[in-house]
Each structure stands twice: as C-alpha cells, then as structure tokens.
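Below are the chains, spelled out letter by letter.
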Amino acid sequence: MIAIGQPLVSEERLQRSIFHFQFIIHRFYRMIKELTELVSLAEQAIPNHENLLNFFSKNNRDVLKLFHAVQGNSFRTEAEAIEKAKVGERTKFRQVAKELLRCLEQMVLMIDFDKQVLDELNHARIRGFQLMAAVKSLAPLACTNGAKRVAEELLKIGQQYARPEFVVEASKVLMDYTSIAGDDIEHFEYYLSMYTEHTQWRLLEERILIYLNRIRLPYIKKKALQGENAAYALRYVNEFEQYVGVIPSHSFHIAFYSLKSKMYMIEAQYQEATKIHEEAIEYFNARPYPCNTALNIFYYSEIANCVYLCQYERGRECFQKAVDMALVGSVNWFNTLEIGFYLRMHEQNWAGAAEVYASATRHKRFNTLRDTRREIWHILGAYLYIMQ
C-alpha cells in the first residue's frame, strides 16, 4: 500500500524519465534535420536522384514515400511525421527513416563537385556529409586508421565552417581510436572535452531550430504570422540572445536572427525588423567563409519589409543582392524570384514583373519544382496578364 502523501514516483526516477523523454525528442529531431538536409542536397546535386534512391533502397516504396514527405513538410514531432508520411506506425516509421538515411548517405558519396555551381560553404557541407557517411562505414569494420584519417578531416571542416554536428561525430571516432591505439590520455581528454562542448552547442542549435519552426508553422499553413506567437518569439529570443557570437554554429545564428526578425514582423514593427536584417547581414559578411545562403535569407526578408514600408528602390537593391547570393535553379532562387515578382507588382512595374516571371518559368529546373509551387507561378502569370 502507498501511504497518503507518499509520491507515486520518486524524484530521481521522474528526472530520469524527463531526461529520457528529452533525449528521444532531440534524437528524433536530429534525425529529421539530417534527413531534411540530405533530401535537399540530393535534389540540388544529384541528377535523377529518385532513380538512384530506388536503386539503393531496392525499390522500397515506403522509402520513396518518406523521401517525398520530407521534401514537402517541416516536421515538429514524431507523431506529425508518422501521420503525414503514412508509411506505418512508430516502429515501422523508424525503420523506414533509418533506411532512407542509409540510402541518402550512400548517395552523398556519389556527388561530384562542380566548382562552377557550389560555393565554398556548400562544398564543405557536402564534403562533411560524405565524410560522416564514410566514418559510419569504416568504424564498424574495425578500419581504425582509415576512420581516424577521415575523422580528422571531418573535425577540421566542422571547426572551420561552424558545424557542431561534424565536430561531435569526428570527436567520437577519435576518442574511440585513442582508446584502441593506447594513445596518450591527454589526447583522449582533449577529444572528450571537444565532444562535450560541441554536443551542448549542437543541442542548442537543435532547440532554437525547433522553436523557429514553432513560430514559422502558422505562416506556412496560413501565409500570415499570428499575433499570439509574438510572446513565444520574445521568450525564445531572450533565452538564446546570450549565445549570439559565442556558439560556433552557422545554423544557430541563421535561426536566431530569423526568429528575432519574425518577432518584430509579427507585430508589424518593420523598422525594427530592418535593423535585425542589417545586423544579420553584417554578422555573416564578417565570417571567414562565404555565407551566400544566409545572406540570401536576410536580403529576401528585407525585400518583404521594403514592400510593407513602400521603399521600392531599396527593395530593388535587396532583390538584386538576394538573387546574386542564390544558387541559380535552387529552391531559394525560385523563392527569391517570387518575392521579387511581388515587389514589381506592388510598384506597378508590369514589364519588370514579366521579366521575373519569364526568368522563373523558362528555367530548365522549373519543372522540378513541386506541383504546388508551379501552380503558384501559373496563378501569378494569370494575374500579370490581367494587370497588363
């Protein structure tokens, strides 16, 4: 019998349960984040990527179905992913997700670098994924020397381009090598310290991305930022502001400045949002590596601000810079052209809008866009025809 007033669960057990629950959430989000990046990478860098995926998965329809689900959604919870992917219940879903991840890691190894297409940061990102895939293949096969060499290169990329997940994976392999090779204990402590520190940064990066998605979701669903999210955004900004300029994470800073920008945009404080965009642009311009994608994001955001403030000349300048920073034919490039089209229409520059429309719809990758994105362009074309 349980005495009156006696807790049903001990505090220690409750804390373990909470920790275990948080661990599951972070592990799931880490997997979804990696899947999302690899799916995006496969779309951009691998011709006939679906055929290659079918080959590696042995024509597993569930794997292809999940690939398409990751393409078209931004999952916040495992339950949401299970519901939308429709590949089975939790156990089956996790099996399919692991299989898709395995296939994508193999596909990444087949990417051929084209320096005319990708900038330095994207080269490093792709190379990092290739090295992660190689490390995961070598370590279980007891290829310790090969794994060490690959891990050292992965570690260097992670440190140079502010990718905590690369540092974490590399330091794990190097700790393993040090213990097997009987290396100096100081080396093991060095990698352990690096692993511990960057695991914290990695978790912070994942948390802020989750919070950003929490704020962004209403906009994705309804194309309008809902006012009740302003309080959430302010709370998140206050929580993470202390890490700006401290945490060695490229993705963290994109997420933080995006979150702070949306905090002001939600409440129509467009002048304040402009200051955040300028601060973000200054931060990424000061990095020792090119940050074209990040700069595109904040020039893109400032175009919307300029439309709201009727600052069309400044909007044109931001539009040109955003286009220059986007990889031609990428999703970001098409999105930038879309907001540039809206800018031209707002200033009643029909000829300019027609030029942007032609650039998008006549590009060879236009037909690779999802049906919903192509449909938006067709609607915009009809609207332009009426206005002309």
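So, a few notes on the structure that sits alongside this text. The numbers attached to residues start from 1 for each chain and follow its sequence in the written order. Only residues with pLDDT of at least 70 get local features here, since the model is predicted, and only at 80 or more are side-chain atom pairs given and counted; chain-wide, interface and lining totals rely on the full set of residues. In computing side-chain values, all of the structure's heavy atoms are included and hydrogens and water are not.

**Thoughts on the overall build of the protein**
Point 1. Of regular secondary structure, the protein possesses 17 helices and zero strands.
Point 2. Long-range contacts, defined as pairs at least 24 residues apart, comprise 62% of the intrachain contacts of the protein with a sequence gap of at least 6.
Point 3. The accessible surface values rely on the Shrake-Rupley method and a 1.4 Å probe; as for residues, cover is taken only from the protein chains in view. When the accessible area of the protein is evaluated, it comes to approximately 21000 Å², of which 52% is carbon and sulfur surface. Elements are defined by DSSP. Helices are runs of H or I of four residues or more, strands are runs of E of two residues or more, and each kind is numbered from the N terminus. Contact definition: two residues touch when any of their heavy atoms are within 4.5 Å.

**Section: unusual backbone geometry**
Point 1. Even without a glycine there, the phi angle at N59 is positive, about 60 degrees.
Point 2. Position of N59 among the secondary structure elements: in the loop between α2 (49–56) and α3 (61–72).
Point 3. For each residue, the accessible area found with a 1.4 Å probe, counting protein chains only, is set against the maximum for its type, and the residue is called buried under 20%, exposed over 50%, and partly exposed in between. Overall, the relative accessible area of 57% leaves N59 in the exposed class.

**Focus: the packing of aromatic side chains**
Point 1. Put simply, two rings from Phe, Tyr or Trp (the six-membered ring, in Trp's case) pair if the centres are within 6.5 Å, and we call them stacked under 30 degrees between planes, edge-to-face over 60, tilted for the rest. Counted by the stated rule, this structure contains 22 aromatic pairs.
Point 2. Summarising the aromatic geometry, the rings of F55 and F56 are spaced 5.4 Å apart at their centres and angled 70 degrees between planes, so their arrangement reads as edge-to-face.
Point 3. Its relative accessible area of 61% is what places F55 among the exposed residues.
Point 4. Take F56: its relative accessible area is 17%, and that puts it in the buried class.

**Section: the packing of helix α10 (residues 229–240) against helix α11 (residues 250–266)**
Point 1. Under this scheme, a helix contributes an axis fitted over its contacting stretch, all axes are lines through C-alpha atoms, and angles between N-to-C directions fall in the 0 to 180 degree range. At a closest axis distance of 9 Å, the pairing of α10 and α11 adopts a crossing angle of 145 degrees. At the point where α10 passes α11, the crossing takes the left-handed sense. For the pair α10 and α11, contact is made by N229, A230, A233, L234, Y236, V237 and F240 and by F252, F256, L259, K260, M263 and I266, respectively.
Point 2. Three classes are used, and their members are as follows: Ala, Val, Leu, Ile, Met, Phe, Trp, Tyr, Cys and Pro are nonpolar, Asp, Glu, Lys and Arg are charged, and the others, Gly among them, are polar. Per-class residue counts for the contact of α10 with α11 are eleven nonpolar, one polar and one charged. Crossing handedness is read from the near helix: turned anticlockwise from the far helix by less than a right angle, it gives a left-handed crossing, and turned clockwise, a right-handed one.

**Some points on the pattern of salt bridges**
Point 1. Here a salt bridge means any side-chain nitrogen of Lys or Arg lying within 4 Å of a carboxyl oxygen belonging to Asp or Glu. Applying the stated rule across the entire model yields 16 salt bridges.
Point 2. Between R127 and E153 there is a salt bridge whose closest N-O contact spans 3.0 Å. Here R127, found in helix α6 (residues 120–138), pairs with E153, found in helix α7 (residues 144–160); they are 26 residues apart in sequence, far enough to count as distant.
Point 3. Residue classification places R127 among the partly exposed residues on the basis of a relative accessible area of 29%.
Point 4. E153 sits in the partly exposed class, given a relative accessible area of 29%.
Point 5. A salt bridge links K275 to E272, with the shortest nitrogen-to-oxygen separation between them at 3.3 Å. Of this pair, K275 and E272 both sit in helix α12 (residues 270–285), three residues apart, which is roughly one turn of that helix.
Point 6. A relative accessible area of 29% places E272 in the partly exposed class.
Point 7. In this structure, a network of salt bridges that share partners links the residues E169, K172, R202 and E206.

**Section: the nonpolar core**
Point 1. Among the nonpolar cores identified, the biggest contains 79 residues, and Y257, F284, L337, F341 and W377 are the most heavily contacted of them.
Point 2. Beyond its immediate stretch of four places on either side in the chain, L337 contacts F319, V323, V356, S359, A360 and W377.
Point 3. Definition of nonpolar core: a set of buried residues of the types Ala, Val, Leu, Ile, Met, Phe, Trp, Tyr and Cys, connected through side-chain atoms within 4.5 Å. Ranked by size, the runner-up nonpolar core spans 33 residues in total, among them V70, A97, L101 and C103.

**Quick notes on the environment of E89**
Point 1. With respect to the helices and strands, E89 occurs in the loop between α4 (78–85) and α5 (90–108).
Point 2. The exposure class of E89 is exposed, given its relative accessible area of 64%.
Point 3. Spatially, the C-alpha atom of E89 lies 9.3 Å from that of A79, the residues being ten residues apart in sequence.

**Re α7**
Point 1. The length a helix should cover is 1.5 Å for every residue beyond the first. Taking 1.5 Å per residue as the helical rise, α7 with its 17 residues ought to reach 24 Å, and the 24 Å between its terminal C-alpha atoms agrees with that figure.
Point 2. Considered for burial, the residues of α7 that qualify are A147, V150, A151, L154, L155, I157 and G158. Seen along its axis, α7 keeps its buried residues to an arc of 165 degrees; they face one direction. Exposed residues lying more than 90 degrees from the buried face of α7 are N145, R149 and K156.
Point 3. Just downstream of α7, A162 is the residue with a positive phi angle, here 55 degrees. Of all possible arcs, the one meant is that of the directions from the helix axis to the C-beta atoms.

**Re a nonpolar patch on the surface**
Point 1. Where nonpolar side chains cluster on the molecular surface, the patch consists of Y383, Y385, I386 and M387 and spans about 490 Å² of accessible area.
Point 2. Assignment of secondary structure puts Y383 in helix α17 (residues 371–387).
Point 3. Take Y383: its relative accessible area is 44%, and that puts it in the partly exposed class. Like-charged residues are merged into a patch within 9 Å and nonpolar side chains (Val, Leu, Ile, Met, Phe, Trp, Tyr) within 5 Å, provided each residue has over 30% relative accessible area and no salt bridge.

Nothing here speaks to function; it is geometry throughout.
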